[in-house]
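An overview of the molecular structure
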Amino acid sequence: MAFFRPGVSREAEVRYHADQEVGKSFPEFLEKARAAEAALRQVQATSTSPEERRAAGLALDKALTDALRAAEANQRATFGVKSYDDRIRRRKGRATPKGAEWTDEVNRLRTLREQNRLTGIARVPRPVTASAR
């Protein structure tokens, strides 16, 4: 008696290999995020203009977003190719030690990015135009 066991879809294989490629650049993106955070802290320590603080905050946001995307790609690739089609496989993938490690890293990076968006990006006052008076 043979049981039908569906294979992995072609789309899942393509997404899996794409995630593996994106995930390879995670250490580079993480280093860029660390450098951007150091630059932001340096700018915040000196009393500079709000425009400079905003530019440094936005640079950190971009670096954290790139690192987060690479970490999410690594997370999905760690779960395995079958997890792209099956939510149970994704859940089981999170329960493995490597899956839990990447899940924690993704959550940590999301928290850092949201914290930066709330407190790290300086608001610059809008210029008042003559028509608004």
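Here is a short report on the structure shown in this document. (Residues numbered from 1 in each chain as written. Predicted model: local features only at pLDDT ≥ 70, side-chain atom pairs only at ≥ 80, totals over all residues. Heavy atoms only, no water.)

**Focus: the pattern of salt bridges**
- Evaluation of the coordinates by the stated rule reveals nine salt bridges.
- Residues Arg 117 and Asp 61 are paired through a salt bridge, measuring 2.8 Å at the closest nitrogen-oxygen approach. Highlighted residues: Arg 117 in helix H5 (residues 97–120) and Asp 61 in helix H3 (residues 50–79), separated in sequence by 56 residues.
- Accessibility expressed as a relative area gives 38% for Arg 117, which makes it partly exposed.
- Relative accessible area serves as the criterion here: at 13%, Asp 61 is assigned to the buried category. (Salt bridge = Lys/Arg side-chain N within 4 Å of Asp/Glu carboxyl O. Helix = DSSP H or I, 4+ residues; strand = E, 2+ residues; numbered from the N terminus. Buried < 20%, exposed > 50% of the residue type's maximum accessible area, 1.4 Å probe, protein only.)

**Considering the nonpolar core**
- With 17 residues, the main nonpolar core has Phe 26, Leu 60, Leu 64, Ala 71 and Leu 109 as its most contacted residues.
- Mapped by element, the contributors of at least two residues to this core are helix H2 (26–45), H3 and H5.
- In contact with Leu 60, not counting residues within four places along its chain, are Ala 33, Ala 36, Glu 37, Leu 40 and Asn 116. (Core = buried A, V, L, I, M, F, W, Y, C linked by side-chain atoms within 4.5 Å. Contact = heavy atoms within 4.5 Å.)

**A closer look at the side chain of Glu 105**
- On the secondary structure map, Glu 105 appears in helix H5.
- A distance of 2.6 Å separates a polar atom in the side chain of Glu 105 from a polar atom in the side chain of Arg 108.
- What Glu 105 contacts, discounting residues up to four positions off in sequence, is Phe 26 and Leu 30. (Polar contact = N/O pair within 3.5 Å; in protein donor to acceptor, adjacent residues only side chain to side chain.)

**Description of the packing of aromatic side chains**
- For the structure on display, the rule yields two aromatic pairs.
- Their ring planes at 75° and their centres at 5.1 Å tell us that Phe 26 and Trp 102 sit as a pair that is edge-to-face. Taken as a pair, Phe 26 in helix H2 and Trp 102 in helix H5 lie far apart in primary sequence, 76 residues in all. Accessibility classification places Phe 26 together with Trp 102 in one group, the buried group. (Phe/Tyr/Trp six-rings, centres within 6.5 Å; stacked < 30°, edge-to-face > 60°.)

**Focus on the packing of helix H1 (residues 10–23) against H3**
- One can describe the packing of H1 onto H3 by two numbers: an axis separation of 8 Å at closest approach and a directional angle of 135°. On the basis of their axis angle, the class for H1 and H3 is oblique. Crossing geometry of H1 relative to H3 is assigned as left-handed. Here H1 contributes Tyr 16, Asp 19, Gln 20, Val 22 and Gly 23 to the contact with H3, which in turn contributes Arg 69, Ala 70, Ala 73, Asn 74, Arg 76 and Ala 77.
- Across the contact of H1 with H3, the residue classes break down as five nonpolar, three polar and three charged. (Axes fitted to C-alpha atoms, helices over the stretch in contact; angles between N-to-C directions. Parallel < 35°, antiparallel > 145°, perpendicular 65-115°, else oblique. Left-handed = near helix turned anticlockwise from the far one by under 90°. Nonpolar A, V, L, I, M, F, W, Y, C, P; charged D, E, K, R; others polar.)

**Looking at the environment of Gly 93**
- Here Gly 93 lies in helix H4 (residues 87–95).
- Gly 93 gets classed as buried once you look at its relative accessible area, which sits at 6%.
- Along the sequence, Gly 93 and Ser 83 sit 10 residues apart, while their C-alpha atoms lie 7.6 Å from each other.
- When neighbours within four sequence positions are excluded, Gly 93 is seen to be in contact with Phe 79 and Gly 99.

**Structural notes on a positive patch on the surface**
- On the surface, Arg 15, Lys 82, Arg 87, Arg 89, Arg 90, Arg 91, Lys 92 and Arg 94 cluster together into a positively charged patch.
- Residue classification places Lys 82 among the partly exposed residues on the basis of a relative accessible area of 41%. (Patch = residues over 30% accessible without salt bridge, like charges linked within 9 Å, V, L, I, M, F, W, Y side chains within 5 Å. Areas by Shrake-Rupley, 256 points an atom, 1.4 Å probe, with all protein chains shown as cover. Lys, Arg positive; Asp, Glu negative; His and termini not counted. Charge placed at Lys NZ, Arg CZ, Asp CG, Glu CD.)

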